[in-house]
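# Commentary on secondary and tertiary structure
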Amino acid sequence: MRLACSECGAEAASGSLFCSACGGLLEFRLDSVASDARALRLSFKERRTSNDVRDQSGVWRFRELLPAIAREQVVSLRENAVPIYRAQTGAAYADATRLAYLHLGMNPTASFKDAGMTVAISHARSFGARVAVCASTGNTAASMAAYAARAGMAAIVLVPAGGISEAKMAQTLDYGASVVAIDGDFDRALEIVRGLDPKQVAIVNSVNPYRIEGQKCAAFVMLESRDWNPPDWLVLPGGNLGNASAFGKGFREALDLALIDRIPKLAVVQAAGAAPFATVFRDGGDLVPLKAQTAATAKRIGAPASWRKALAEVRASGGTVTTVTDDEIAEARAIVGRDGVGCEPASAASLAGLRRLRENGIISRHDDVMLVLTGHVLKDSAYAADFHASTAPLANAIARAGDVQTLQSLIDRTTAVHV
Ligand code: F0G
């Protein structure tokens, strides 16, 4: 694997974050892999019965396709061993017949960030970094804090004051990170972090190419669990756009290695108040940063760092970008809950987006669709509680019953729903 600029292609030195020639983001290029597709599939599968910690990780199990990191440096919490659930209520809601959830919220720190963080922190440790730093809307913070704790590294996170959920803050503090709340948004926090010297501290936002390498493995986990039959569409929420870049890269590499014979179309969904990527996809030109606003705090991002990479991936896949309102996100999130699955608001944008793409016919009723859920329902329990105390049609108000009769009448009025 070699590190090169994702924009001008210039070779880059390991440990740098941006291209010294043009300032672009770096990426790893997979030049050649010793094994063929059959041998790779077989070893990925065999490792699932092994007790080696790396083999129990849905990242390190694919190590032939990752930058080389010595076994003893690997910091793993058995990340990315995630489930796929058939979407029942969600399918009816979006009028789609073949729909499943890839639930990346079922990770050790309950978000998709762990898949990338295991690689970024392992690499940082192998180079003797003492401190890991990130800007975050909450999930990157919690993930970095956990992996840094496991690696014996100090962790410092910059978050927008009042802009991350209580649960994510509590988690980050629990894992022992130092939290610095800034008077500004995520974009400002990332700008500050980007000003640090990567030789002094490990910057583990998704501008770090090691993060993308880990996150691309979610594509492999998903494909493998479907016996390497790609879905027609992968629908996912987009904020800073590291994840869309990572899935696209994973699919392209799987195609190059003949693990699959075609790549799924990528549909990226943004919150309407934080949708600079949807605009650049529609209008072309350069991305115009904006002041982001959405109740899905995880995606309150107005200047996404990986937009160029993500745009190239969406275009290469023949995919699309769409937007949804906060009300649509709220309703879709409640629907994912009714499936007995649940997710945080930012994740539910994917179901809301699918519903729109079905309505305007971009996705067909019988297309095979995989929806990515990026964070666990408990990541923003305050949002869920507020929703159920609201007047929204799907709000599930708490009933008061002081005696058996009231309870009995509730039972009599209740009908079970069989899907
Ligand atoms: N979903 C959730 C739950 C997130 O936390 C994020 C981003 C996204 C979607 C968007 O993913 O940035 O790769 O396009 N959270 C970051 C953070 C920014 O700091 O936790 P993306």
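What you see is a predicted model; the values in this text were computed from it and never measured. (Residues numbered from 1 in each chain as written. Predicted model: local features only at pLDDT ≥ 70, side-chain atom pairs only at ≥ 80, totals over all residues. Heavy atoms only, no water.)

### Overview of the site of the ligand
Close to the ligand lie 19 residues, the nearest being Ser136, Gly239, Asn240, Leu241 and Thr374. At 3.0 Å, a side-chain N or O of Lys113 approaches a nitrogen atom of the ligand. Interatomic distance of 2.8 Å between a side-chain N/O atom of Asn139 and an oxygen atom of the ligand. Protein contacts shield 98% of the accessible area of the ligand, which totals 470 Å² for the unbound molecule. When residues of the shell around the ligand are traced back to their parent elements, those giving at least two are helix H4 (139-151) and helix H9 (242-256). (Near = heavy atom within 4 Å. Polar contact = N/O pair within 3.5 Å; in protein donor to acceptor, adjacent residues only side chain to side chain. Areas by Shrake-Rupley, 256 points an atom, 1.4 Å probe, with all protein chains shown as cover. Helix = DSSP H or I, 4+ residues; strand = E, 2+ residues; numbered from the N terminus.)

### Section: a nonpolar patch on the surface
On the surface, a nonpolar cluster with roughly 260 Å² of combined accessible area is contributed by Leu407, Leu410 and Ile411. Within the element layout of this structure, Leu410 appears in helix H15 (residues 404-413). A relative accessible area of 35% places Leu410 in the partly exposed class. (Patch = residues over 30% accessible without salt bridge, like charges linked within 9 Å, V, L, I, M, F, W, Y side chains within 5 Å. Salt bridge = Lys/Arg side-chain N within 4 Å of Asp/Glu carboxyl O. Buried < 20%, exposed > 50% of the residue type's maximum accessible area, 1.4 Å probe, protein only.)

### With respect to the environment of Ile182
Checked against the element boundaries, Ile182 lands in strand S7 (residues 178-182). According to the relative accessible area criterion, Ile182 is buried, its value standing at 11%. Sequence separation between Ile182 and Leu158 is 24 residues; the distance between their C-alpha atoms is 6.7 Å. Excluding anything up to four places from it in sequence, Ile182 contacts Leu158, Val159, Pro160, Ala161, Arg188, Ala189 and Ile192. (Contact = heavy atoms within 4.5 Å.)

### With respect to the packing of H4 against helix H5 (residues 166-174)
A packed helix pair is summarised by two numbers, namely the angle formed by the two axes and the spacing between the axes. Here H4 crosses H5 at 20°, and the two axes come no closer than 8 Å. When the axis of H4 is compared with that of H5, the two are roughly parallel. In this structure, the crossing between H4 and H5 has a hand that is left-handed. Two secondary-structure elements touch here, H4 through Asn139, Ala141, Ala142 and Ala145 and H5 through Lys168, Gln171 and Thr172. Considering only residue class, the contact of H4 with H5 consists of 3 nonpolar, 3 polar and 1 charged. (Axes fitted to C-alpha atoms, helices over the stretch in contact; angles between N-to-C directions. Parallel < 35°, antiparallel > 145°, perpendicular 65-115°, else oblique. Left-handed = near helix turned anticlockwise from the far one by under 90°. Nonpolar A, V, L, I, M, F, W, Y, C, P; charged D, E, K, R; others polar.)

### Here we look at the side chain of Ser206
Examined against the element boundaries, Ser206 turns out to sit in the loop between strand S8 (202-203) and helix H7 (209-215). Contact partners of Ser206, with chain neighbours within four places excluded, come to Arg211, Ile212, Asn240, Gly242 and Ser306.

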